[in-house]
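Descriptive structure summary
The lines below spell out each chain.
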Amino acid sequence: MTSPRAHAFETSHPAVPAAYLGGTVLIAMFALQPVLIALSLAGALAASLAFRGVRATLRGLRWQLPAVGVICLVNPLFSASGSTELWHLGPMAIYLESLAFGACMGAMLVAVVLWLECASRVLTQDRVLELGARALPTVTLMTSMTAQLVPQLVRRGQAVRSTYAACTAASGTRDARHAQVRMSDVLVAWAMEDSLERADAMRARGWGSTEARTTYRSVEFRGRDAAMLSCVVVFLLANAFLAYVACSQWRFYPTMPQLVVWWGYVPYAVQVLLPAALELMGRSRWR
Amino acid sequence: METDAPALAMRDLSFSYAVAEGVPANAPVLDHASLEVPRGAFALLTGDTGSGKTTLLRLAKPEVAPAGELGGSVEVLGKDVRSLEPAESAQLVGYVLQCPDNQIVCDTVWHEMAFGLENVGLPQAEMRRRVAETCYFFGMESWLHRSFAELSGGQRQMLALASTLAMRPGLLLLDEPTSMLDPVAAKAFLSLLFRANRELGVTVVVATHSPWTMGEYATCALRVEGRRVEEVSLEGLSREPELGRLRPRCRPMGSREAIGIADAWFRYDRDADWVLRGCDLTVAEGEVRALIGGNGSGKSTLLALAAGTSRPQRGRARSALSCRQAFLPQSPKTLLARQSVADELMEWSRTAGYGRADADAMMAHMGLAGLAERHPYDLSGGQQQLLALAKLLLTRPRLLLLDEPTKGLDLELRREVVRVVNECRDDGVTVVVASHDVAFLEEVAAQTSLLFDGGVTLTGKTGEFFRESWVWGRS
């Protein structure tokens, strides 16, 4: 099945979405303040709906929402602090502050997971590799090989298992642990044998023949990308500062202060809703 | 560079493999062998398995040359290959191996094309030019950004060829490049190789055990025999030799049904396309049935349903022999789990109830005698196939499911598989075999079923089926 194409950041160098998503995830992880978390969650949900579609998002929420509930409920049991007592559970008191902290942590976790899932849709593997190609050519090559070899190993594992299952004339007691050990024996021997041939193929094409290995770039970093990247960085820094201000005026324990309307939330809202907006704009152009 | 020097010249070449100290030296693989391949030639290198074809090819490419004692000279385009700088050698001589999967290094097509160019440190502009030109020449633009996993076997081998040619070698060496491909993909590959030879002027040397598939492209042929190399005529190589005499199929088929697959629908994922769409297949007990069809027509899937390792999402698949079956997958390595041939054959002795004497007898019967202590991976691909088959036969199956049993085998080993399958038939074993090898199927199968469009389109008597076929018929 082919996944829907991500339009946002499609025409820019991968450094731009990488900086944007990296910064957004970082702020989302450290800004423990209800309004910022709510905004981040809303933005992440919108981006997820736009990039991954309704079905994939709902499928994810099936475990994410219970996780929020569990964290929200478990937190008061472990940190019984706060001042507004809600109930007594035997010898333990459940405080409103503690419950709110749990809910915020849960929501933050879900938002970060959603952001990372969106990132994997926008930053496909070959675009990530492009980023590291010049700085870390060997690491990039290894990642590329791993990306190819791991699925191959999984496919072979399935083949070994089903072949073994198909040979019923050889069957006796089918010990699951024995079958696992046998499978890993087969796979290791097979992979080692292949690696010799692969090494030959690499040397045949000049691997290690010169110190001055070059790197093929399939996309260029243009002036426009530089401009966009600096905009993103400035925006991120500004929002990080605003988030710091908001967080420093906020505490969960012992009592939570009153939330107020503040202009400083607006730039952050713009930032987190940007990918979904870009995606919708990209699509509406083709309607 | 001398302008009139041959593309490849080997003079008085002797070679024996290196051995550990204190061990008596190996017998030489090559002994004062000489050969000359003119520029622009398309040369076939033939010879029996183990005659030294691969060794000979590898000696012309120092990076992949085996360790051992070498005498004589190897010159490529007038240059001694042993005096070349590594980067120069990588660019002057290209080498394509047999297995497409093992020579692809990177995950995406464009990265793979650039891999060799990066290795020798070409500047950006030159790399772009080479990648673009190679893609254009092979018509690969549309799959430039695909990942390795999305490519078919034929496309993978084509990619291996393209990324080697992007280095612009003067001489291209290929070791059994089409033996792992189905006939259609093999023809597509060979026609590209031919174009590279004629239009780009690349000298080609192909080691092959099926020279008749390349007869129309070749300009000369060499044969490795008795540690020497001699030139042979192309005429003698242009016809496919007979696999054997067509034996009368005297054994009457049983009337009982061994496999009954009815209205089977199957796909690998909820959102994937159906591989089988209302497929029916009935095989009688004691019958040898061939399955033929293009790549992705569902042959392997149908075998999996017959084996019961996959279940149809709709319809039914029944097997009367499901408790006494054996399955030979495409790659014999899937079945090899032990450190020696003898251990391998004994793996199932306890559960299937046979002893050492049976295993020894089987080894002799399959022509594996004398290999008992060898590691299965030290055998040739063909011998591994026979070993896997021997291992299955020791369990005395009543239903044998074979997926491409002759893939990559030379003539002798194919004959061996024919003999084994026919013996199974004489013992009343039911056999279902999926294969592209028409000559092999004609020797073993009573009936042939054609898979197309998610089902069995046609079933007929094998001889008649191929005689009346337009595309599979042999002259």
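Residues numbered from 1 in each chain as written. Chains lettered and ligands numbered in written order. Predicted model: local features only at pLDDT ≥ 70, side-chain atom pairs only at ≥ 80, totals over all residues.

From N to C terminus, chain B includes 15 helices and 19 strands. The globule rule puts the C-alpha radius of gyration for 475 residues at 23 Å, and the 24 Å found for chain B is close to it. C-alpha extents for chain B along the principal axes are approximately 75 × 55 × 40 Å. Residue burial in chain B is summarised as follows: out of 475 residues, 49% are buried. Summarising the internal contacts of chain B: among those between residues at least 6 apart in sequence, 72% fall at separations of at least 24. (Helix = DSSP H or I, 4+ residues; strand = E, 2+ residues; numbered from the N terminus. Rg over C-alpha atoms; globule rule 2.2 N^0.38 Å. Buried ≥ 20, exposed ≤ 12 C-beta atoms within 10 Å, placed from the backbone. Contact = placed C-beta atoms within 7 Å.)

A separate point is the overall build of chain A. Tallying secondary structure elements over chain A gives 8 helices and 2 strands in all. Of the regular secondary structure in chain A, the N- to C-terminal order runs α-α-β-β-α-α-α-α-α-α. In terms of overall dimensions, chain A is more spread out than a globule: its C-alpha atoms have a radius of gyration of 25 Å, far above the 19 Å expected for 287 residues. Once the C-alpha set of chain A is aligned to its principal axes, its extents read approximately 70 × 60 × 45 Å.

This brings us to the interface of chain A and chain B. One widely used convention gives an interface's size as the accessible area the parts lose upon coming together. Facing the 45 residues of chain A at the interface are 61 residues of chain B. Mapped by element, the contributors of at least two residues to the side of chain A that touches chain B are α5 (137-166) and α6 (176-204) of chain A. Among the elements that make up the side of chain A that touches chain B, the one with the highest residue count is α6 of chain A (14 residues). The residue makeup of the side of chain A that touches chain B, split by class, is 20 nonpolar, 13 polar and 12 charged. (Nonpolar A, V, L, I, M, F, W, Y, C, P; charged D, E, K, R; others polar.)

Moving on: helix α8 (residues 265-284) of chain A. Residue and element names in this part refer to chain A. Relative to the 28 Å expected for 20 residues at 1.5 Å per residue, α8 spans 28 Å between its end C-alpha atoms, a close match to the ideal helical length. Of all the bends in α8, the largest measures some 50 degrees and sits at Leu 274, one to four residues before the proline Pro 275. Of the positions making up α8, those classed as buried are Tyr 268, Gln 271, Val 272, Pro 275, Ala 276 and Glu 279. The secondary structure elements touched by the buried residues of α8 are α1 (15-30), α2 (34-78), α3 (96-122) and α7 (223-248). (Expected span 1.5 Å × (residues − 1). Bend = angle between axes of the 7 residues up to and from the residue.)

Attention now goes to the pairing of strand β3 (residues 42-46) of chain B. Residues and elements named next belong to chain B. With 5 of 5 residues buried, β3 is to be regarded as a mostly interior element. Of the two faces of β3, the one lined by Phe 42, Leu 44 and Thr 46 and the one lined by Ala 43 and Leu 45 are each fully buried. As paired elements, β3 and strand β8 (residues 203-207) share 4 bridges and run parallel to each other. Directly across from Ala 43, in β8, lies its bridge partner Val 205. Relative to strand β9 (residues 220-225), β3 runs parallel, the two sharing 4 bridges. When the sheet's bridge partners are listed, Ala 43 is paired in β9 with Cys 220. (Pairing = 2+ DSSP bridges.)

It is worth spelling out the sheet that holds strand β4 (residues 68-76) of chain B at this point. Residue and element names in this part refer to chain B. Strand order in the open sheet made by the 4 strands is β2-β1-β4-β5, with antiparallel pairing throughout. Two strands in the sheet have a free side with no partner beyond their single neighbour: β2 (30-37) and β5 (79-80). Pairing between strand β1 (residues 8-17) and β2: 5 bridges, direction antiparallel. By the bridge assignment for β2, Ala 9 is matched with Glu 36.

With that settled, consider the environment of Leu 84 of chain B. Residue and element names in this part refer to chain B. Inspection of the secondary structure puts Leu 84 in the loop between β5 and α2 (86-92). The class for Leu 84 is partly exposed, based on 17 C-beta atoms found within 10 Å. Residues in contact with Leu 84, not counting those within four places in the same chain, are Lys 79, Ser 89 and Leu 92.

Here the focus is the confidence of the model for chain B. All names here are of chain B. When the pLDDT values of chain B are averaged, the result is 90; 97% of them are 70 or greater. Per-residue pLDDT, averaged within each element of chain B, yields its smallest value for helix α3 (residues 100-103) (86) and its largest for β8 (96). In the predicted complex, the global pTM is 0.84; the interface-specific ipTM is 0.87. (pLDDT = per-residue confidence, 0-100.)

This paragraph deals with the sheet that holds strand β19 (residues 455-461) of chain B. Residue and element names in this part refer to chain B. Strand order in the open sheet formed by 6 strands is β15-β16-β17-β13-β18-β19, and the pairing between neighbours is mixed. At either end of the open sheet lies a strand with only one pairing partner, and these are β15 (325-328) and β19. The mean angle between the axes of side-by-side strands here comes to 15 degrees, regardless of whether they run parallel or antiparallel. Pairing geometry for β15 and strand β16 (residues 399-403), over 4 bridges, is parallel. Of the residues in β16, the one forming a bridge with Ala 326 is Leu 400. (Axes fitted to C-alpha atoms, helices over the stretch in contact; angles between N-to-C directions.)

Residue and element names in this part refer to chain B. Examined at the domain level, chain B breaks down into domain 1 (8-237) and domain 2 (257-324 + 397-467). One C-alpha centre belongs to domain 1, the other to domain 2; they are set 35 Å apart. Across the contact, 8 residues belong to domain 1 and 7 residues belong to domain 2. Its residues assigned to classes, the side of domain 1 that touches domain 2 comprises 3 nonpolar, 4 polar and 1 charged. (Domains from an automatic or database assignment.)

Residues three or four positions apart in an α-helix share a direction because the helix packs 3.6 residues into each turn. Here helix α7 (residues 183-199) of chain B contains 17 residues, and its C-alpha end-to-end distance of 24 Å stays within 8% of the 24 Å for a straight helix at 1.5 Å per residue. Against the buried residues of α7 of chain B lie β3, α6 (153-165) and β8 of chain B.

In this section: unusual backbone geometry. Residue Pro 254 of chain A is reached from Tyr 253 of chain A by a cis peptide bond, and omega for that bond is -5 degrees. With respect to the element layout, Pro 254 of chain A can be found in the loop between α7 and α8. Phi at Arg 227 of chain B is positive, roughly 65 degrees, even though this residue is not glycine. Counting through the fold element by element, Arg 227 of chain B comes out in the loop between β9 and β10 (228-232).

Before going further, it helps to spend a moment on the packing of α1 of chain A against α7 of chain A. Residues and elements named next belong to chain A. At a minimum axis distance of 9 Å, the contact between α1 and α7 shows a crossing angle of 5 degrees. As judged from the angle between their axes, α1 and α7 are roughly parallel. Here Ala 15, Val 16, Ala 19, Tyr 20, Gly 23 and Ile 27 of α1 come into contact with α7, specifically with Asp 225, Met 228, Leu 229, Val 232, Val 233, Leu 236, Asn 239, Ala 240 and Ala 243. In the contact of α1 with α7, the residues fall into 12 nonpolar, 2 polar and 1 charged. (Parallel < 35°, antiparallel > 145°, perpendicular 65-115°, else oblique.)

Along a regular strand, successive side chains alternate from one face of the sheet to the other. Residues and elements named next belong to chain A. Across 4 bridges, strand β1 (residues 85-89) lies against strand β2 (residues 92-95) in antiparallel orientation. Across the sheet, Trp 87 pairs through a bridge with Ile 94, a residue of β2. Between β1 and β2, which pair antiparallel one after the other, the connecting turn spans 2 residues, and Gly 90 there sits at a positive phi close to 65 degrees.

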